Amino acid sequence: MNSYRYLHVLHCSHQSPKRLWMLCFYCVLTIITLLTSACSTARQESLVHTNRTGTRSGVSTATTNTTAPASYAAVLPPLADSALYQPGKARDYYTKGAILQMQERPAEAILEFQQALRYDNAAAIHFAIAQNYVKLNKSDLALEELRSAITLDSSLTIAYKLLGELYTQQFRVDEAITVYQYLENREPEAINRYMLARLYELRDVDKAITLYEELLKEGDETDGMILARLADLYTQKGNNAKALECLEKLQQTAPDNQAVLFTLMEAYMFQKKYEQGLELFKASEPVISDNDAITLALRYANGLLTDFDQSIIARTCADKLLDRLELNNKAGYANSWQMQMMNGILAGHLDRNVRSNAYFEQAIELADSIPAVPLQICAFYFQKQRYKDMLRVAEQASKRFPNNGQIFFLWGLGLSQIDSTARAISVLQQAVKIDTNNLDAWNQLAILHSSGGNLPASDAAYEKVLQIDPNNALANNNYAYSLSERKIHLDRAQSMIEKALQSEPKNPSYLDTMGWILFQRGEYKKSLEYILQAIEHGEVSATIYEHLGDAYQKIGDKDKAMQAWREALRKDPNRMSLKERLSNDTANK
């Protein structure tokens, strides 16, 4: 008899109590029969017997005194202690342990199984003990018993499966891979191959992909779990086309699955497949809830907006999306401020300003207790340079949210754009009164005071920013430039601009500030290096080209100086200082 002779007891654990007691009665009759049989017959039915002494830690401390052979079925059992050699004893204790295991009493079950081991060192008993150690969350002891089980009987695949699960839970990836590779060779079931593929993901993505693809070919080619894993792995490998192919198959198997829809939409947006994204939305809209349709539309719209200015297709799809949403104006759409906000942004980018304003007003009305809504609308108007609309919304919001400093900041920012400096300063002062740590408002106050010639007030505002946040890049840059223009505190100015450059090392304005500080210190060659870097890293202002001309002039390169000044004048034709320099240079020639 092999090691599976005990497992049928455990497999009956789902039977009713009546059936179970009948089974026990049958086992007792079997034991009586065995006790009356000949000793030679009893020996043929028993497994390897092992001397055991002592008690296990926690339950008992039994240890095997020899290493069991890989296959023990043909080995005659040693009779080390004839008093312990009683046929049927092991099965009796095993049955009791199985009953306790069924009753969810794992600690007591282990005691009975350990008693069974005193009479029969069977792999199935070790496996049963391991199962109960797992229930007690004693994984290390469970692993010990499982190793004993598979050492005694390498064909006990159920022990290998539990061993693989435990290794996986403990993140012992390489050992788990070894176990599942063994199972794959011995018992090639789909679940074993799937687990092996999941483990390969952590060690060899290509192997995982190959195994998943084989599982798809051999089984159901629309298996959602496998398609999802393949989509993720192909994305990791940068094979976006294959990832998208898997996601599309996955979506076809579950057209109303929320997670699949959202992931597929994001994949379309990432690959700039805007037309496919629109078709996905149109096909999904009738079969998903209004809330899911809103979320899907938002993800689609956000993807379009990232490429709006560079892609004609993105603009065309945005136009079609807006028309469709207006045509299918579901109740869920009309009552969603997020949808109204998105429609307003799309309409605004499409220069449909009247419709944009109407959508924004609806969003504000639906979200009358959420200050983030008017804040976002004001930010959008600022981006589009629609300052009057920005001021209208900000002023209305300031009445609804009188204690929100950021709303007052945006209101003041808008006022500063229409040359209403005095009122802008007043509103910004209200912003910092509400929130003394509003860095945006303090920075804007400093800029407005500086442009108005009130340098002490400007300096005080910058000092306040740096008191709150010593590493604030904007304040460090602007304050440093202001000091350099006045040719004062140049050491501190250089220290401040170094902090700003640590935060944004390629910012053209910051690089120019460093160049200008060095210019004021007479380090003209170093100054030139920074100013050239500023021009290299982006579109720059007339001021930076004027600085470039000044630096070239100081090192004696008049031709390049003239060229830089002309470029500065081209960018700002009303710059009087440049006109004077160029006219004086022409007269000197």
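Residues numbered from 1 in each chain as written. Predicted model: local features only at pLDDT ≥ 70, side-chain atom pairs only at ≥ 80, totals over all residues. Heavy atoms only, no water.

Q: What exactly am I supposed to notice about the overall build of the protein here?
A: In terms of regular secondary structure, the protein is built from 33 helices and 0 strands. Out of the 589 residues belonging to the protein, those deemed buried represent 46%. Counting only carbon and sulfur atoms, one obtains 50% of the accessible surface of the protein, whose full area is about 29,700 Å². (Helix = DSSP H or I, 4+ residues; strand = E, 2+ residues; numbered from the N terminus. Buried < 20%, exposed > 50% of the residue type's maximum accessible area, 1.4 Å probe, protein only. Areas by Shrake-Rupley, 256 points an atom, 1.4 Å probe, with all protein chains shown as cover.)

Q: I would appreciate a short explanation of the confidence of the model for the protein in the present structure.
A: For the protein, per-residue confidence averages 84 on the pLDDT scale, and residues scoring 70 or more make up 84% of the total. A low-confidence stretch, residues 8–85 stays under pLDDT 50, and its non-local contacts, those more than four residues away or across chains, total 99 contacts. (pLDDT = per-residue confidence, 0-100. Contact = heavy atoms within 4.5 Å.)

Q: Before we go on, may I ask you to explain the packing of helix H31 (residues 542–554) against helix H32 (residues 558–571) in this structure?
A: How two helices pack is summed up by the angle between their axes together with the distance between the axes. Remark: H31 packs on H32, axes separated minimally by 8 Å, with the N-to-C direction vectors making an angle of 165°. It follows from the interaxial angle that H31 and H32 lie roughly antiparallel. When the axes of H31 and H32 are compared, the crossing they make is left-handed. Judged by residue contacts, Ala542, Tyr545, Glu546, Leu548, Gly549, Asp550, Tyr552 and Gln553 of H31 engage Lys560, Ala561, Ala564, Trp565, Glu567, Ala568 and Lys571 from H32. When the residues that make up the contact of H31 with H32 are grouped by side-chain class, the tally is 8 nonpolar, 2 polar and 5 charged. (Axes fitted to C-alpha atoms, helices over the stretch in contact; angles between N-to-C directions. Parallel < 35°, antiparallel > 145°, perpendicular 65-115°, else oblique. Left-handed = near helix turned anticlockwise from the far one by under 90°. Nonpolar A, V, L, I, M, F, W, Y, C, P; charged D, E, K, R; others polar.)

Q: Please clarify how the side chain of aspartate 550 should be interpreted in this entry.
A: In this fold, aspartate 550 is placed in helix H31. Other than its neighbours up to four places away in sequence, aspartate 550 contacts Trp516, Phe519, Trp565 and Arg581.

Q: Explanation requested: the pattern of salt bridges in the structure shown.
A: Two side chains that carry opposite charge are able to pair once their charged atoms sit near each other. In total, this model carries 33 salt bridges according to the counting rule given. Glutamate 201 is paired through a salt bridge with arginine 198; the nearest N and O atoms lie 3.3 Å apart. Note that arginine 575 and aspartate 572 form a salt bridge whose closest N and O atoms lie 3.3 Å from each other. When salt bridges with common partners are traced through the structure, they connect Glu184, Arg193, Glu214 and Glu218 into a single cluster. (Salt bridge = Lys/Arg side-chain N within 4 Å of Asp/Glu carboxyl O.)

Q: Would you mind showing me how to read the environment of glycine 452 here?
A: Positionally, glycine 452 belongs in the loop between helix H25 (439–451) and helix H26 (455–468). The spacing of glycine 452 and alanine 422 is 30 residues in sequence and 9.4 Å in space, taken between C-alpha atoms.

Q: Before we go on, may I ask you to explain the packing of aromatic side chains in this structure?
A: Aromatic ring pairs are reported here in terms of the distance separating the ring centres and the angle at which the planes meet. Under the defined criterion, the tally for this structure stands at 12 aromatic pairs. Relative to phenylalanine 519, the ring of tryptophan 516 has its centre 4.4 Å away and its plane inclined at 5°; by these criteria the two rings are stacked. Placement of the pair is tryptophan 516 and phenylalanine 519 together in helix H29 (residues 508–520), with a separation of 3 residues, close to one helical turn. One exposure class covers both tryptophan 516 and phenylalanine 519, and it is buried. Taken together, the ring pairs in this structure connect Phe360, Phe380 and Tyr381 into an aromatic cluster. (Phe/Tyr/Trp six-rings, centres within 6.5 Å; stacked < 30°, edge-to-face > 60°.)

Q: I'm lost on the packing of helix H24 (residues 421–434) against H25 in this one. Help?
A: It is at 9 Å that the axes of H24 and H25 come closest, and there the two elements cross at 150°. With respect to H25, the axis of H24 lies roughly antiparallel. At the point where H24 passes H25, the crossing takes the left-handed sense. For the pair H24 and H25, the contacting residues are Thr421, Ala424, Ile425, Leu428, Gln429, Ala431 and Val432 in the first and Ala441, Trp442, Gln444, Leu445, Leu448 and His449 in the second.

Q: What am I meant to see in helix H16 (residues 290–305) here?
A: An α-helical turn contains 3.6 residues, so any two residues separated by three or four positions project in the same direction. Compared with the 22 Å implied by 1.5 Å per residue over 16 residues, the 22 Å span of H16 between its first and last C-alpha is a close match. Buried residues of H16: Asp292, Ala293, Ile294, Leu296, Ala297, Tyr300, Ala301, Gly303 and Leu304, and no others. The secondary structure elements touched by the buried residues of H16 are helix H14 (258–270), helix H15 (274–284), helix H17 (312–327), helix H18 (331–334) and helix H19 (337–349). (Expected span 1.5 Å × (residues − 1).)

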